[in-house]
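Chain by chain, the residues run as shown.
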Amino acid sequence: MKKKGGILLVLIMIALFSARGLFRHYYFVIPIEFLNAYQIPCTSVEIEGNRYQVEIDLGAKTALSLRIDVLEKLKKDPCGTSRRIDFRGNQYETSLYLIPEVKVGGLLLKKIKAKEESIHFATKASVLIEANEPFNAGRIGRDFFLGKNIGMDFGHCTLVACSQLKDLRTAGYAIHKWRACPFKSTADGIVLEFETDMGKRKFVLDTGATVSVFKWQEGQGHSIKQRNGMEIIETSKFAIDGIDLGHRVLYLLEMAQEFKEIDGLLGMDFLKEYLLYLDFTKETAYIGKSAEESVVGVGCSHF
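So, how was this worked out
- Residues numbered from 1 in each chain as written.
- Predicted model: local features only at pLDDT ≥ 70, side-chain atom pairs only at ≥ 80, totals over all residues.
- Heavy atoms only, no water.
- Helix = DSSP H or I, 4+ residues; strand = E, 2+ residues; numbered from the N terminus.
- Buried < 20%, exposed > 50% of the residue type's maximum accessible area, 1.4 Å probe, protein only.
- Contact = heavy atoms within 4.5 Å.
- Areas by Shrake-Rupley, 256 points an atom, 1.4 Å probe, with all protein chains shown as cover.
- Pairing = 2+ DSSP bridges.
- Axes fitted to C-alpha atoms, helices over the stretch in contact; angles between N-to-C directions.
- Lys, Arg positive; Asp, Glu negative; His and termini not counted.
- Salt bridge = Lys/Arg side-chain N within 4 Å of Asp/Glu carboxyl O.
- Polar contact = N/O pair within 3.5 Å; in protein donor to acceptor, adjacent residues only side chain to side chain.
- pLDDT = per-residue confidence, 0-100.

So, on to the overall build of the chain. Each helix and strand in the chain was counted, giving five helices and 24 strands. Each of the 303 residues in the chain was classed as buried or not, and the buried ones make up 50%. Within the chain, counting contacts between residues at least 6 apart in sequence, those at least 24 apart form 65% of the total. For the chain, the accessible area works out to roughly 15300 Å², and carbon and sulfur atoms hold 53% of it.

Take a look at the structure:
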């Protein structure tokens, strides 16, 4: 009997050790060097010993997009074709490549998919507020962080890939004040559903958008105003899972019919105001108010 009990104990210990081995703790800081003229967060990637300035665009899927003059210099292997359509309905097709190694901050990734950056998309299609901004080397999309949970505090120029929300407590964040709410990771992007004056609406998180937008088609029939030469609507309520974040201005954009499952974009105007941690394993977002936090940080540079 004692022998069987001893064997059972050994088996339990092996199972517990194996379970712990499956959980991989990680914590990487992605340095946000500045917010550009469009208020899009920018960082630098290191490839083959050279640094290239890129935007962080979580509205884009492909891990890395680079200008053709940058791609031509790099060692790479072809791996197919990338086809996409942007929210305005413009279509793009370009070759895909595998780049052996890419580093950003403390995060080192291997065999990263990269495509040619479209100058038209970067200068005409991806932003809503016109500005005089130099053309970056490209952008990193959400697949760059595939398999990792991410925390965002763009008010303090902070982006962290970390395995657990509690990791942010040691960085000075009052995570006990943050509220949990659901999100969905879909083909369109990271989708959060908000209750507005126009009813329940789905918004894609997009760090590549200067402002938050709402479908022009859905805005008709509501009170429309003008701001920055564009049409806007206002909602007194912007609530997610019972948490009302209050008044919100939404710019109207005529979105392509292919995006029938979403109603708008959650842009940098929102993301500079709120802290956000995305737990992809649980499809749970944790939201905090940026102004209420007291964290150690240097703040953002702005162009």
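Right, let's talk about unusual backbone geometry for a bit. With a phi angle near 70°, Gln 39 is a residue other than glycine that sits in the positive phi range. Here Gln 39 lies in the loop between strand E2 (34–35) and strand E3 (41–47). Taking the relative accessible area as the measure of exposure, Gln 39 reaches 17% and is therefore buried. The backbone phi angle of Lys 111 is positive, close to 50°, even though this residue is not glycine. Judged by relative accessible area, Lys 111 falls into the exposed class, the value being 65%.

Attention now goes to the sheet that holds strand E10 (residues 150–153). The six strands lie next to each other as E1-E11-E10-E23-E24-E12, forming an open sheet whose pairing is antiparallel. Unpaired on one side and paired on the other, strand E1 (27–31) and strand E12 (179–182) mark the two borders of the sheet. Neighbouring strand axes in the sheet, compared pairwise and without regard to direction, differ in orientation by 20° on average.

Note that Asp 206 resides in the loop between strand E15 (199–205) and strand E16 (213–215). No salt bridge is formed by the buried Asp 206; its nearest oppositely charged neighbour, Arg 139, is found at 7.0 Å. Separated by 3.4 Å, the side chain of Asp 206 and the backbone nitrogen of Gly 59 make a polar contact. Apart from residues no more than four positions distant in its own chain, Asp 206 is found in contact with Asp 57, Gly 59, Phe 87, Leu 265, Leu 266, Gly 267 and Met 268.

This next bit is on the confidence of the model for the chain. When the pLDDT values of the chain are averaged, the result is 86; 83% of them are 70 or greater. Put simply, helix H1 (residues 2–22) is where the chain has its lowest mean pLDDT, 47, and strand E23 (residues 274–279) is where it has its highest, 97. This model gives residues 8–22 a pLDDT under 50, and the stretch forms zero contacts once residues within four places in sequence are excluded.

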